[in-house]
Amino acid sequence: MTKLILVTSSFKRKYSKKIVIKQTETNSGLKQTETDPPLLLAVVVFLLFPLGVAIMNVTLAVKQYISKMIENSGPGMKVLLMDKETTSIVSVVYTQSEILQKEVYLFERIDSQNRDNMKHLKAICFLRPTKENVEHLIQELRRPKYSVYFIYFSNVISKSEIKALAEADEQEVVAEVQEFYGDFIAVNPHVFSLNLQGVARGRSWEASMLSRCTQGLTSVLLALKKCPIIRYQLSSDMSKRLAESVKQIITKEYELFDFRKTEVPPLLLILDRSDDAITPLLNQWTYQAMVHELLGLNNNRIDLSRVPGISKDLREVVLSAENDEFYANNLYLNFGEIGTNIKNLMEDFQKKKPKGQQKLESISDMKAFVDNYPQFKKMSGTVSKHVTVVGELSRLVSERQLMEVSEVEQELACQNDHSNAQQNVRRLLQNPRLSELDAVRLVMLYALRYERHSSSILPSLMDELSRRGVSERHRRMVKSVVEYGGKRVRGSDLITPTDAVAITKQFFKGLSGVENVYTQHQPLLHDTLDQLIKGRLKDSQFPYLGASSLRDRPQDIIVFMIGGATYEEALTVYNLNRNTPGVRIVLGGSIIHNTKSFLEEVMLATGHSGDRAQGSGRHGNRR
C-alpha cells in the first residue's frame, strides 16, 4: 500500500492550482483524472501488490517498495538519498551490489553537508517524515544538487509539510512525492524491529516512543495490507495505550486501511516484555540467536574487530538470509548442526584436491584449512565468513563455560526444584572462570524463579556476587530485573508448579531426536500464541479493543512486543508458521534483544539509566 501525493514535473505550480487526482480502478489498472479543486492536496491511493494478493512477509514488502521507487525514476544514473533510519531499513534487505545493478551508483545521507553538485544524477529520496528531514529537504530543494527528485516518505506526512516542500521547489525539480510505508527494519521475513531502546519509564511510555511505535506498527499493517482487530495485554497500561493509538490512526486514515475484506479478519496482538523477563536472560544455541547473544547483530552486521588474529576483510561481516544461502539454511539450527554443516561443505571442497588432504576434526582445524588455501577463501567467501563466526562462538563458549552455565539457566527457567537450583547456582558462582555477566544473570534468573520462595537464598547469592568483585551497577540490576518483570507486575502465569511436569516431554525431544538440555525452554509467547490459535486465549487477560471480536480461528496474526522481542521468540514463531497450516504469524518488537540490550532496557525503565549495561542489542560487546 502506498499513497501518491503528487506526480508532476511542476510540483509548486500544480500545488498552487490545487489539483486533485482521483483514482479510478479498471481491469487494466489505474486511471488518473483531474477534477475541480475542492481540496488543497492532490492524493491518489494505489496498491503496490496485485489486488487480492495478501502477503505476510515484511522483507518482501520493503524490498518491493524500494524496487518500486527505483523503477518509478526511470532509466539513468541515480543517487539514493536517505537518513540514518532509512539507511538501516534499506541495508537489511538489499546489498549495495544489488542496488548498483539498478543504476543506483551513489548512496548519500540527507544530513550530509559535503555532497557535491551532480546534475547528471536523478535523486531518489527515501526519508522518515520527521521535522528534521523535511527541513533538510527544503534546503535541498532551494539549492538542488541533482537534476530531478523522486521523494518517498516512509510514513504519513502532513499537508502543511507538503506545502512547505512545494514552496521550496522554486526550480521545479520535484517529479514525484509519495508515501511508501516501509517504516521498520525487516529482520527476517516474519520478524521486524523498530530499533528503539528504552521505550518505558516505569510502567509508562517514554514521551517520544509511543508515537514512534505507533508509526512503525501502522506502517507494518499498511505494508502487509492489514486492517486488524486488536487485542492487548490487560495487565500492561502501555499495551492498551499503544492499541488505542494504533486504532486512532486506522480511524483517521480510514481510506488507507480500506482493504478487501477477508473471511477471517487479521489480528494484531500487543504484548509487554515485562510479562516474560526470563527469555531475554537465557543463553542461546541456535545460530542467529547465538550470534546476537555473543557477538551482537546490528542491522545484520557483526563487529569481529576484536577477535584474536582476525584478518582485515573479516573485521565486519554481514549475515543476511536474503543473500547468504548457508545462513538462510542454518538460521534456526543448533550449534552442533552448524559446525557439522560447515565441516561437510569444506570436506566436499577438499575432495576436489588430490593432495594435501587433512582431517577436519575441530573448529580450529577448519580455520587453519581456510587460512592455508587462499583459493578456497576466494571461491567460498561465505564459508570463510561462517568458519570465522562459528570459530569465535566456539571460543567464547569454551572460555565462558557456557554449556555448563546454560544447563543451569535452563533448569532455573523450566524446572521447579529449589534445592537443586540453589546448589547449582552456588557451585557456578564459585567458578573463577564465570564472567560477571553470566554470574549476574544466573542470580537474576534465580530471583525471578524463586522470588517468593520461603527458603530463598537470594541475600546469600547477592553476598557471593560481592565477594566475586561484581560491580555495584551489576548487583543493582538484580533488583531492577525483579522490579521490571517480577510477580507483582506480571499478568500471566510465567512460572507455575506444573512446569517440571510440562518440560519432561520436551526434555527428550532435542533437535535431531537427541536429548538437548540446552533448549528445554519455551518462551511465554509460545503458550500465548498456542492458546490464541486454539481460541482459548482469555478475554479477561487479553481483551479486544472496541466492540469487534474474533469468533473464528485467526489466520493472519501480527504480534508486537513492547520493550523488545528476542530471536528465541522469532524461532517460536517460525516453528508455529511451519507447523500450523492456515496460520501466518509476523512478530515485531521495539527492538530485538540480547541479554545486554535487555538489561539496558530494564535499567532505563526502572530509572537507573546512569547504570547502563555494557553493550546493547545493536552494538554487542563480548565480556
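Rules of the game
- Residues numbered from 1 in each chain as written.
- Predicted model: local features only at pLDDT ≥ 70, side-chain atom pairs only at ≥ 80, totals over all residues.
- Heavy atoms only, no water.
- Pairing = 2+ DSSP bridges.
- Helix = DSSP H or I, 4+ residues; strand = E, 2+ residues; numbered from the N terminus.
- Axes fitted to C-alpha atoms, helices over the stretch in contact; angles between N-to-C directions.
- Contact = heavy atoms within 4.5 Å.
- Buried < 20%, exposed > 50% of the residue type's maximum accessible area, 1.4 Å probe, protein only.
- Core = buried A, V, L, I, M, F, W, Y, C linked by side-chain atoms within 4.5 Å.
- Phe/Tyr/Trp six-rings, centres within 6.5 Å; stacked < 30°, edge-to-face > 60°.
- Salt bridge = Lys/Arg side-chain N within 4 Å of Asp/Glu carboxyl O.
- Expected span 1.5 Å × (residues − 1).
- Parallel < 35°, antiparallel > 145°, perpendicular 65-115°, else oblique.
- Left-handed = near helix turned anticlockwise from the far one by under 90°.
- Nonpolar A, V, L, I, M, F, W, Y, C, P; charged D, E, K, R; others polar.
- Polar contact = N/O pair within 3.5 Å; in protein donor to acceptor, adjacent residues only side chain to side chain.
- Arc of directions from axis to C-beta.
- Patch = residues over 30% accessible without salt bridge, like charges linked within 9 Å, V, L, I, M, F, W, Y side chains within 5 Å.
- Areas by Shrake-Rupley, 256 points an atom, 1.4 Å probe, with all protein chains shown as cover.

A.B. asks: Please explain the sheet that holds strand S14 (residues 229-232) as it appears in this structure.
C.D. replies: Within a sheet, neighbouring strands are paired by backbone hydrogen bonds and run either parallel or antiparallel to one another. As summarised here, the arrangement of the six strands in space is S10-S11-S20-S18-S15-S14, forming an open sheet in which the pairing is mixed. The strands lining the two open edges of the sheet, one partner per strand, are strand S10 (185-188) and S14. The average undirected angle you get between the axes of adjacent strands in this sheet is 25 degrees. Along the sheet, helix H2 (residues 58-72) makes contact with S10, strand S11 (191-193) and strand S20 (584-589), crossing S10 at roughly 135 degrees.

A.B. asks: Even after reading the chapter, I still don't get the pairing of S20, so can you show me in this structure?
C.D. replies: Note on strand geometry: in a regular strand, side chains alternate between the two faces of the sheet. Taken across its six residues, S20 has five buried, putting it largely inside the fold. Where S11 meets S20, three bridges bridge the pair, whose relative direction is parallel. Bridge pairing in S20 links Ser-193 to Gly-589.

A.B. asks: I keep staring at the nonpolar core and nothing clicks. Help me out?
C.D. replies: In a soluble, globular protein the nonpolar side chains are often hidden away together inside. Among the nonpolar cores identified, the biggest contains 160 residues, and Leu-242 and Leu-529 are the most heavily contacted of them. Ranked by residues supplied to this core, first place goes to helix H17 (residues 436-449) with ten residues. With sequence-adjacent residues up to four places away left out, Leu-242 is seen in contact with Trp-205, Leu-210, Cys-213, Thr-214, Leu-217, Ile-270, Phe-560 and Ile-562. Counting residues in hydrophobic clusters, the runner-up holds 22 residues, among them Leu-81, Val-134, Tyr-146 and Phe-153.

A.B. asks: Explain the packing of aromatic side chains to me, please; I cannot follow it from the model alone.
C.D. replies: Pairs of aromatic rings are described using the distance from one ring centre to the other and the angle between the two planes. In this structure the tally under the stated criterion is twelve aromatic pairs. Arranged with centres 5.9 Å apart and planes meeting at 55 degrees, the rings of Tyr-146 and Tyr-149 form a pair that is tilted. Since its relative accessible area comes to 0%, Tyr-149 is described here as buried. Ring centres of Phe-192 and Phe-560 lie 6.1 Å apart, and the angle between their planes is 20 degrees; this geometry places the pair in the stacked category. Highlighted residues: Phe-192 in strand S11 and Phe-560 in strand S18 (residues 556-562), separated in sequence by 368 residues. Residue class for Phe-192 comes out buried when judged on its relative accessible area of 0%.

A.B. asks: What is the right way to look at the pattern of salt bridges in this model?
C.D. replies: Two side chains with opposite charge may pair up if their charged atoms get near one another. Across all of its chains, the model carries 26 salt bridges by this definition. A salt bridge links Glu-409 to Arg-441; the nearest nitrogen and oxygen atoms lie 3.5 Å apart. One end of the pair, Glu-409, is in helix H15 (residues 402-414); the other, Arg-441, is in helix H17, and 32 residues separate them in sequence. Each member of the pair, Glu-409 as well as Arg-441, is classed as buried. Lys-534 is the salt-bridge partner of Asp-530, the closest N and O atoms lying 3.1 Å from each other.

A.B. asks: Would you explain the environment of Ala-168 in this entry?
C.D. replies: Within the secondary structure, Ala-168 is located in helix H6 (residues 159-168). The class of Ala-168 is buried, set by a relative accessible area of 2%. For Ala-168 and Arg-142, which are 26 residues apart along the polypeptide, the C-alpha to C-alpha distance reads 5.6 Å. With residues near it in sequence (within four places) discarded, Ala-168 still touches Ile-138, Leu-141 and Arg-142.

A.B. asks: Just checking my understanding: could you explain H15 for this structure?
C.D. replies: Every α-helix carries 3.6 residues per turn, so stepping three or four residues along brings you back to the same face. With 13 residues, H15 should cover 18 Å at 1.5 Å per step; its first-to-last C-alpha distance of 18 Å lies within 8% of that length. Residues Leu-402, Val-405, Ser-406, Val-408, Glu-409, Gln-410, Glu-411, Leu-412, Ala-413 and Cys-414 constitute the buried set of H15.

A.B. asks: Hey, could you run me through the packing of H17 against helix H23 (residues 595-605) in this one?
C.D. replies: Packed helix pairs are specified by the crossing angle of their axes together with the interaxial distance, meaning the distance between the axes. At their nearest, the axes of H17 and H23 sit 12 Å apart, and the two run at 60 degrees to each other. Taken together, the axes of H17 and H23 are oblique relative to one another. Relative to H23, H17 is oriented so that their crossing is left-handed. Here H17 contributes Leu-437, Arg-441 and Met-444 to the contact with H23, which in turn contributes Thr-595, Lys-596 and Leu-599. In terms of residue class, the contact of H17 with H23 is built from three nonpolar, one polar and two charged.

A.B. asks: Sorry if this is basic, but what is going on with the environment of Asp-276 here?
C.D. replies: By the element assignment, Asp-276 lies in the loop between strand S15 (267-272) and helix H9 (287-294). A relative accessible area of 4% means that Asp-276 is categorised as buried. A distance of 3.1 Å separates a polar side-chain atom of Asp-276 from the backbone nitrogen of Ile-278. There is a polar contact of 3.3 Å between the side chain of Asp-276 and the backbone nitrogen of Leu-524.

A.B. asks: Help me understand the pairing of strand S7 (residues 122-127) in this model?
C.D. replies: The element S7 is largely enclosed, with a buried count of six among its six residues. Of the two faces of S7, the one lined by Lys-122, Ile-124 and Phe-126 and the one lined by Ala-123, Cys-125 and Leu-127 are each fully buried. Where strand S5 (residues 78-82) lies against S7, five bridges are found, and the strand directions are parallel. Pairing of Lys-78 across the sheet is with Lys-122, part of S7. Taken together, the six bridges between S7 and strand S8 (residues 148-153) define a ladder with parallel strand orientation. In the sheet register, Cys-125 faces S8, and the bridge partner there is Ile-151.

A.B. asks: Quick question: what am I supposed to make of H6 here?
C.D. replies: Burial in H6 covers these residues: Glu-161, Ile-162, Leu-165, Ala-166 and Ala-168. All buried residues of H6 project into a common sector of 165 degrees when viewed along the axis, lining one side. Opposite the buried face of H6, by more than 90 degrees, sit the exposed residues Lys-159 and Ser-160.

A.B. asks: What should I look at first to understand a nonpolar patch on the surface in this one?
C.D. replies: Together, Met-77, Leu-100 and Tyr-105 make up an exposed nonpolar region whose accessible area comes to about 270 Å². Tracing the backbone shows Tyr-105 in strand S6 (residues 104-109).

A.B. asks: When you look at the environment of Pro-432 in this model, what are you seeing that I'm missing?
C.D. replies: Note that Pro-432 resides in the loop between helix H16 (418-429) and H17. Between the C-alpha atom of Pro-432 and that of Arg-468, which follows or precedes it by 36 residues, the distance is 8.2 Å.

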